[in-house]
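Summary of the model geometry
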Amino acid sequence: MQDIMLLQDDAARLNEKVAPSSIASQWSQALGAYARSLEPLRLAYERGTDASAQEKAASTALNDLNTVLGR
């Protein structure tokens, strides 16, 4: 759970940075989706419930964010 909180902090710091104009809109949307996907994941771990679906959603959101970056 602490690792997820660190990821949430990282996402918040990234949100404070200005993205290049060529990807700004896509970046904002993808970063927002990624950040939002981390909260249900953290809650699942906090509750001790199966987090498979939340892990998949966060992983997909991270992949989408990486795609915006061309990774």
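Use the structure listed above.
Each chain carries its own residue numbering, running from 1 in the direction its sequence is written. Under the rules for a predicted model, residues below a pLDDT of 70 receive no local features and side-chain atom pairs below 80 are neither given nor counted, while totals for whole chains, interfaces and linings still include all residues. Hydrogens and water molecules were not included; the side-chain quantities draw on all heavy atoms of the structure.

As a further point, take helix 3 (residues 52-68). In this text, helices come from DSSP runs of H or I with a minimum length of four residues, and strands from runs of E with a minimum of two, each type numbered from the N-terminal end. Expected helix span is computed as 1.5 Å times (number of residues minus one). Over its 17 residues, helix 3 extends 25 Å from the first C-alpha to the last, a length consistent with the 24 Å expected when each residue adds 1.5 Å. Buried means the residue's accessible area, taken with a 1.4 Å probe over protein chains only, is under 20% of the maximum for its type, while exposed means over 50%, and partly exposed covers the values in between. For helix 3, the complete set of buried residues consists of Ala58, Ala61, Leu65 and Asn66. Considered in projection along helix 3, the buried side chains sweep an arc of 140° and stay on one side of the axis. Structural note: helix 3 exposes Ala53, Lys56 and Thr67 on the side pointing more than 90 degrees away from its buried face. Looking one or two places after helix 3, you find glycine 70, whose phi comes out positive at around 80°. Along the arc lie the directions from the helix axis toward the C-beta atoms.

Moving on, we come to the environment of leucine 14. Tracing the sequence through the fold places leucine 14 in helix 1 (residues 2-16). Leucine 14 gets classed as partly exposed once you look at its relative accessible area, which sits at 36%. A sequence separation of 17 residues divides leucine 14 from leucine 31, and the C-alpha atoms of the two residues are 8.0 Å apart. The contact criterion used throughout is that any non-hydrogen atoms of two residues lie within 4.5 Å. The residues touching leucine 14, leaving out its near neighbours within four places in the chain, are Trp27 and Leu31.

A word on the pattern of salt bridges. A pairing counts as a salt bridge when a side-chain nitrogen of Lys or Arg comes within 4 Å of a carboxyl oxygen of Asp or Glu. Evaluation of the coordinates by the stated rule reveals 3 salt bridges. A salt bridge links glutamate 39 to arginine 42, with the nearest nitrogen and oxygen atoms 2.6 Å apart. Here glutamate 39 and its partner arginine 42 are both found in helix 2 (residues 24-47), 3 residues apart, which amounts to about one turn of the helix. Residue classification places arginine 42 among the buried residues on the basis of a relative accessible area of 14%. Salt bridges sharing common partners tie together Glu39, Arg42 and Glu46.

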